[in-house]
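# Descriptive analysis of the structure
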Amino acid sequence: MEYIKEITVDLSGEMFFNYITATQGDTARSVKITIISNNQPYTPPSGATAVLRAKKPDGTSVFDDATINADGTITAALTAQVTATVGNVRCEISLYG
């Protein structure tokens, strides 16, 4: 069973945090992100790629590919590496291209 948490992120830079609960080693979770700009949906440009960047409590980082969906949302899986360490992991999505 897969659990998908849906969140909305604003490009304005406002620091709204969304917590996603997962246990160590949990790989059944994904995040579906809707990006908005000025309260309007933002669609990544054609040809762009998305990456989930995660900073784990032990100081190591993870860079995992994410999927830009046809509707402009982004889906990122919480991989075994993201959930390998006990504690809070800070994540962000980066768009390239």
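Please refer to the structure higher up on the page.
Let me begin by describing the structure that accompanies this report. (Residues numbered from 1 in each chain as written. Predicted model: local features only at pLDDT ≥ 70, side-chain atom pairs only at ≥ 80, totals over all residues. Heavy atoms only, no water.)

### Some points on the overall build of the chain
In terms of helices and strands, the chain carries zero helices and seven strands. Over its C-alpha trace the chain gives a radius of gyration of 13 Å, about what one expects of a compact globule, namely 13 Å for 97 residues. Taking as baseline every contact in the chain between residues at least 6 positions apart, the subset at least 24 positions apart corresponds to 71%. Split by element, the accessible area of the chain, about 6,500 Å² in all, is 50% carbon and sulfur. Across the chain, the centroid of the 7 positively charged side chains sits 5 Å from that of the 10 negatively charged ones. (Helix = DSSP H or I, 4+ residues; strand = E, 2+ residues; numbered from the N terminus. Rg over C-alpha atoms; globule rule 2.2 N^0.38 Å. Contact = heavy atoms within 4.5 Å. Areas by Shrake-Rupley, 256 points an atom, 1.4 Å probe, with all protein chains shown as cover. Lys, Arg positive; Asp, Glu negative; His and termini not counted. Charge placed at Lys NZ, Arg CZ, Asp CG, Glu CD.)

### So, the environment of Arg 29
Tracing the chain through its elements places Arg 29 in strand 2 (residues 29–37). Expressed as a C-alpha distance, the spacing of Arg 29 and Tyr 3, which sit 26 residues apart in the sequence, is 4.8 Å. Among residues more than four places away in sequence, those in contact with Arg 29 are Tyr 3, Thr 21, Ala 22, Ala 77 and Leu 78.

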